[in-house]
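# A look at the structure
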Amino acid sequence: RSLSSGGSMIHPNVPSILITPVCPHSLSFRPIVLPQSVEVLVRVPASTRCQPTVGIDAEHGGTVQLNPGDALQITGSRCVRQ
């Protein structure tokens, strides 16, 4: 689903994190590919007027509603693909 939202294609053997904004409200939000060792912290401003939704591994249907002041820590999987 990342690809249909404008995300990059990544070979399964490349240890990486792919973050793809879906339906962003600005063209300045682009997909980003990061090394698997990076930790990303996303914070929802306490003053936000909306309730963002985060889709996590859309293949398994995981979505999370975030609230003002919430933080989301994104890290690479410890699992090794074989």
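Everything numeric here is computed off the predicted structure, so don't read it as measured data. (Residues numbered from 1 in each chain as written. Predicted model: local features only at pLDDT ≥ 70, side-chain atom pairs only at ≥ 80, totals over all residues. Heavy atoms only, no water.)

### Details of the overall build of the chain
For clarity, the threshold we go by: Labels follow the DSSP assignment, with helices taken as runs of H or I lasting at least four residues and strands as runs of E lasting at least two, numbered in each case from the N terminus. Exposure is judged per residue with a 1.4 Å probe applied to protein chains only, and the accessible area is read against the type maximum: over 50% gives exposed, under 20% gives buried, and values in between give partly exposed. Only heavy atoms matter for contacts: two residues are in contact if any of them lie within 4.5 Å across the pair. Here the accessible surface of atoms and residues is derived via Shrake-Rupley with a 1.4 Å probe, and residues count as covered only by protein chains that are part of the display.
Scanning the chain for helices and strands turns up zero helices and six strands. Scanning the chain from its N terminus toward the C terminus, one meets helices and strands in the order β-β-β-β-β-β. The burial tally for the chain puts 11% of its 82 residues in the buried class. Contacts in the chain between residues far apart in sequence, at least 24 positions, make up 35% of those at least 6 positions apart. If you sum the accessible surface of the chain, you get close to 6,800 Å²; carbon and sulfur atoms cover 54% of it.

### Quick look at the environment of Val40
With respect to the helices and strands, Val40 occurs in strand E3 (residues 40-43). Between the C-alpha atom of Val40 and that of Ile17, which follows or precedes it by 23 residues, the distance is 9.7 Å.

### Section: the side chain of Thr20
On the secondary structure map, Thr20 appears in the loop between strand E1 (16-19) and strand E2 (32-35). When its relative accessible area of 19% is taken as the criterion, Thr20 is described as buried. Aside from chain neighbours lying at most four places away, what touches Thr20 is Ser2, Ser5, Gly7 and Pro31.

### Side note on a nonpolar patch on the surface
This is how the line gets drawn: Every patch collects residues that have over 30% relative accessible area and no salt bridge, joining them within 9 Å if they carry like charges and within 5 Å if they are nonpolar side chains (Val, Leu, Ile, Met, Phe, Trp, Tyr). Within this document, salt bridges are pairs made up of a side-chain nitrogen of Lys or Arg and a carboxyl oxygen of Asp or Glu, the two lying within 4 Å of each other.
Taken together, Ile10, Val14, Leu18 and Val33 make up a surface patch of nonpolar side chains, about 270 Å² in accessible area. Residue Val14 is classed as partly exposed on the basis of its relative accessible area of 43%.

### Brief notes about the environment of Val44
Within the secondary structure layout, Val44 lies in the loop between E3 and strand E4 (53-56). In this structure, the C-alpha to C-alpha distance between Val44 and Leu66, residues 22 residues apart in sequence, is 7.4 Å. Sequence-distant contacts of Val44, that is, excluding residues within four places in its chain, are made with Pro52, Leu66, Asn67, Pro68, Gly69 and Asp70.

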